[in-house]
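The primary structure of each chain is shown beneath.
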Protein chains: 2
Amino acid sequence: MATIKDIAERLGVAVSTVSKGLNGASDISDEMRQLVLDTAVEMGYTSKKMRSQEQKKVCIFVENMDYENIDQFGYDIITGFKKAAARKRWDVSVIPANLTLQTEENFDTYMLKHGYSGAFLIGFALHEDWLKQLTKTSFPTVLLDNYISNHAHTGYVGTDSFEGIQSAVCHLASLGHTRIAFLNGSKNSMVSNQRYQAFVQSMSACGLEPQNELIEYGYYVPDCAKHYVPTFLEHGATAIMCASDLIATGVINELNRRGLHVPEDVSVVGFDDLPIASQLNPSLSTIRQDRTDLGKSAVFLLDGLLNNVAISKILLRAKFIERNSTGPVRKK
Amino acid sequence: MATIKDIAERLGVAVSTVSKGLNGASDISDEMRQLVLDTAVEMGYTSKKMRSQEQKKVCIFVENMDYENIDQFGYDIITGFKKAAARKRWDVSVIPANLTLQTEENFDTYMLKHGYSGAFLIGFALHEDWLKQLTKTSFPTVLLDNYISNHAHTGYVGTDSFEGIQSAVCHLASLGHTRIAFLNGSKNSMVSNQRYQAFVQSMSACGLEPQNELIEYGYYVPDCAKHYVPTFLEHGATAIMCASDLIATGVINELNRRGLHVPEDVSVVGFDDLPIASQLNPSLSTIRQDRTDLGKSAVFLLDGLLNNVAISKILLRAKFIERNSTGPVRKK
């Protein structure tokens, strides 16, 4: 493991200069501090303090995800993480990691500069800079719904959506639906790909034929519904499964705008079971992800990685919740 | 949740009789005690003591697996489990669960009768009675290398063998091997099926064609090697991957018996990294499963299930360890 002395030798500067660079002292130039940090990252340096301190500093980086209010997807995840982290006396920071931040600084430099021992990343898309840099990170890092191959410093926590999606599809099949559409989330997301596979396999498992014209990738926002609902209706869909509750609200609004009723004309199924799902009219049948438990499991996984336990994945079960947005297929 | 009173009403007996039946008192008949236990299980009864006691009683059921000596597969798993359980002040029993025991008593009855709050099952084959009964158990149960669909009281801990197998196959490919055989474990095992998939996919990922005549299911004992090594050699295998280190020792012995040298004539790869792997001559290249961490992860999973966190799977990374049993393909 690289020491301060190793970094000083590599750069040909005094140990005290390196020390100042790492500790953010003001009496060296910005350029020198950046050079020290970059070299430290390159050499895989982590401070003794970060490795052994009683009260570890860890952070949650959030991107593309709402989390500030109790009805938003990220809220319970962060709460669950904080609750479990509190038991370990970890100090948790929540940091929005937008594109600007990711462009300005590489992941390991940011971690080192701020003295974080480990991180939990939620909401990142596959193409983002930091996600790509994680294939080489030396910081223990847990990702929600993203997986890094062959790198033991990283782990993946998520919901095993297969069983939940299969229960939902079989529920719709038992109600007589055969033309079931699937409005997925963004293509730039590992979880969208998993849900696509789960949907296609579940259709077959329930004795139905998945139809290409009834499967679309949208975005994880309600607004995407208006682009895809018309096509689904043209192709005879009698039920629409959605990759999130937010998408489902958009679908229901678009159906209503067209004078169609849920579930009498078209059945709708969400995903997540956000607080809003049970409050909608009709209440939304959906597939539940336990977000508090996802946050807690992330702490367990991160604690494992910090202790060199190479956990690769922790997956939770997803459960189909039947409410009032699904009903028997309409007789023609 | 069923109470003692509910059971008494169902059976039309006094509450005190039920209580005696559940607590193993000697002043009721064996038949009545069995009836009380069976009814309690059927009604999903668990005692307040089992749910809330400070020092929980849990057990590890072992079947088809050696664990008593440090060089055996189960040893570190059980040690890891006990270490993590000790922190939670759980009282852990290790119970061999042979076919006789499984035939005599059903799983839930056994758990209830002995006051266990949860269980960890290792080494069970797919066809065994208790494994089948787990689809309906009301006791939190963790399985090593086995998965029960759609049942939130159970969870699966194992090693994600895909990355390790792919590293091993690509290592052999880089040494010039193209005719790589795979001697798998028993067909009655979920993990054998996973390793088969991983092998076939890894061959393709490394640009090689998997050959049906070079893939066989044996058993997880060295002795199975003598049945399959001759066929592999007839079909031109220059490397043999094995589903366990024990199988690999059998393969090496069989090759030596035929006057062939490892790795000069044939390369051999194991799976597990048992203590014996580094002691063999030549030392065995193998895919490491961290058994202590598997045991510790099982405790985390069981603790989750006991607290209604529906964790479905925890998977650890497998790492390919290059030693001396693999070398360049022999030039003809």
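As named in an unreviewed UniProt entry, chain A is LacI family transcriptional regulator, taken from Velocimicrobium porci.

Visitor: Would you mind going over the overall build of chain A with me for this structure?
Guide: Summing up its helical and strand segments, chain A has 14 helices and twelve strands in all. Dimensions of chain A along its principal axes, counting C-alpha atoms only, are 85 × 35 × 35 Å. When burial is assessed residue by residue, chain A has 54% of its 332 residues classed as buried. Sequence separation of 24 or more characterises 68% of the internal contacts of chain A that already satisfy a separation of 6 or more. Here chain A carries 33 positive and 37 negative side-chain charges, and the mean point of each set is 5 Å from the other.

Visitor: Looking at this structure, how should I read the packing of helix α9 (residues 161-174) of chain B against helix α10 (residues 190-205) of chain B?
Guide: Packed helices, taken two at a time, are described by the angle between their axes plus the distance between the axes. Residue and element names in this part refer to chain B. Here α9 crosses α10 at 45°, and the two axes come no closer than 9 Å. By the criterion of interaxial angle, the relationship of α9 to α10 is oblique. Relative to α10, α9 is oriented so that their crossing is right-handed. On α10, the residues touching S161, F162, I165, Q166 and V169 of α9 are R195, A198, F199, Q201, S202, M203 and A205. Split into classes, the residues belonging to the contact of α9 with α10 amount to seven nonpolar, four polar and one charged.

Visitor: Sorry if this is basic, but what is going on with the interface of chain A and chain B here?
Guide: Size of an interface: often given as the accessible area lost when the parts come together. The interface is formed by 24 residues belonging to chain A together with 23 residues belonging to chain B. Regarding the contact of chain A and chain B, the summed buried area is about 1,800 Å², with carbon and sulfur atoms giving 47% of it. In this assembly, chain A and chain B are joined by two salt bridges. Salt-bridge contacts for B:D160 lead to A:K313; the nearest nitrogen and oxygen are separated by 3.2 Å. Our count for the chain A to chain B interface comes out at 20 residue pairs in polar contact (both at pLDDT 80 or more). Residue assignment for the side of chain A that touches chain B shows that the elements contributing at least two residues are β5 (154-160), α9 (161-174), α14 (291-306) and β11 (311-317) of chain A. Here the side of chain A that touches chain B gets seven residues from one element, more than from any other, and that element is β11(A).

Visitor: Which parts of the structure should I look at to understand the sheet that holds strand β4 (residues 141-144) of chain B?
Guide: Sheet strands associate in pairs through backbone hydrogen bonding, adopting either a parallel or an antiparallel arrangement. Ordered by their spatial adjacency, twelve strands build an open sheet running β2(A)-β1(A)-β3(A)-β4(A)-β5(A)-β11(A)-β11(B)-β5(B)-β4(B)-β3(B)-β1(B)-β2(B), and the pairing between neighbours is mixed. Across the chains shown, the open sheet's two edge strands, defined by having one partner strand only, are β2 (91-96) of chain A together with β2 (91-96) of chain B. Averaged over all adjacent pairs, the angle separating strand axes in this sheet is 20°, with direction ignored. With respect to the sheet, α14(A) is in contact with β1 (57-62), β3 (118-122), β4 (141-144), β5 and β11 of chain A together with β11 (311-317) of chain B, its orientation differing from that of β5(A) by roughly 155°.

Visitor: In this structure, what is going on with the state of the cysteines? I would like to understand it.
Guide: Covalent bonding between the sulfur atoms of two cysteines defines a disulfide. Residues and elements named next belong to chain B. Counted under the stated rule, the structure contains two disulfides over all chains. C170 shares a disulfide with C206; S-S distance 2.1 Å. Measuring handedness by torsion sign, the sulfur bridge of C170 and C206 sits at about -80° and is left-handed. Here C170 is found in helix α9, whereas its partner C206 is found in the loop between α10 and β7 (215-217), with 36 residues between them in sequence. Here C206 falls in the buried class, since its relative accessible area comes to 18%. No disulfide involves C242; its sulfur sits 8.1 Å from that of C224, the nearest cysteine. Given the relative accessible area of 2%, C242 is considered buried.

Visitor: Just checking my understanding: could you explain the environment of A:Y219 for this structure?
Guide: In this fold, A:Y219 is placed in the loop between β7 (215-217) and α11 (225-234). Beyond its immediate sequence surroundings of up to four residues, A:Y219 is in contact with A:N184, A:G185, A:S186, A:C224 and A:I247.

Visitor: Sorry, what's going on with the pairing of β2(B) here?
Guide: On any regular strand, side chains alternate: one points to one face of the sheet, the next to the other face. Residues and elements named next belong to chain B. With six bridges connecting them, strand β1 (residues 57-62) and β2 associate as parallel partners. Residue pairing across strands places I60 opposite V94, the latter belonging to β2. Once the chain exits β1 it traverses helix α5 (residues 73-87) before rejoining the sheet at β2, and the crossover so formed is right-handed.

Visitor: What is the right way to look at the sheet that holds strand β6 (residues 180-184) of chain A in this model?
Guide: Residues and elements named next belong to chain A. A sheet is described by the order of its strands in space; here four strands give the open sequence β7-β6-β8-β9, paired in parallel fashion. Single-partner strands in this sheet number two, and they are β7 and β9 (267-269). Neighbour-to-neighbour, the strand axes of this sheet turn through a mean angle of 15°, independent of strand direction. One ladder, built from four bridges, connects β6 with strand β8 (residues 239-242); its direction is parallel. Its bridge partner being in β8, F182 is matched across the sheet by M241.

What counts as what
- Residues numbered from 1 in each chain as written.
- Chains lettered and ligands numbered in written order.
- Predicted model: local features only at pLDDT ≥ 70, side-chain atom pairs only at ≥ 80, totals over all residues.
- Heavy atoms only, no water.
- Helix = DSSP H or I, 4+ residues; strand = E, 2+ residues; numbered from the N terminus.
- Buried < 20%, exposed > 50% of the residue type's maximum accessible area, 1.4 Å probe, protein only.
- Contact = heavy atoms within 4.5 Å.
- Lys, Arg positive; Asp, Glu negative; His and termini not counted.
- Charge placed at Lys NZ, Arg CZ, Asp CG, Glu CD.
- Axes fitted to C-alpha atoms, helices over the stretch in contact; angles between N-to-C directions.
- Parallel < 35°, antiparallel > 145°, perpendicular 65-115°, else oblique.
- Left-handed = near helix turned anticlockwise from the far one by under 90°.
- Nonpolar A, V, L, I, M, F, W, Y, C, P; charged D, E, K, R; others polar.
- Buried area = accessible area lost by both parts, 1.4 Å probe.
- Salt bridge = Lys/Arg side-chain N within 4 Å of Asp/Glu carboxyl O.
- Polar contact = N/O pair within 3.5 Å; in protein donor to acceptor, adjacent residues only side chain to side chain.
- Pairing = 2+ DSSP bridges.
- Disulfide = S-S within 2.5 Å.
- Right-handed = clockwise from strand over helix to strand, strands pointing away.

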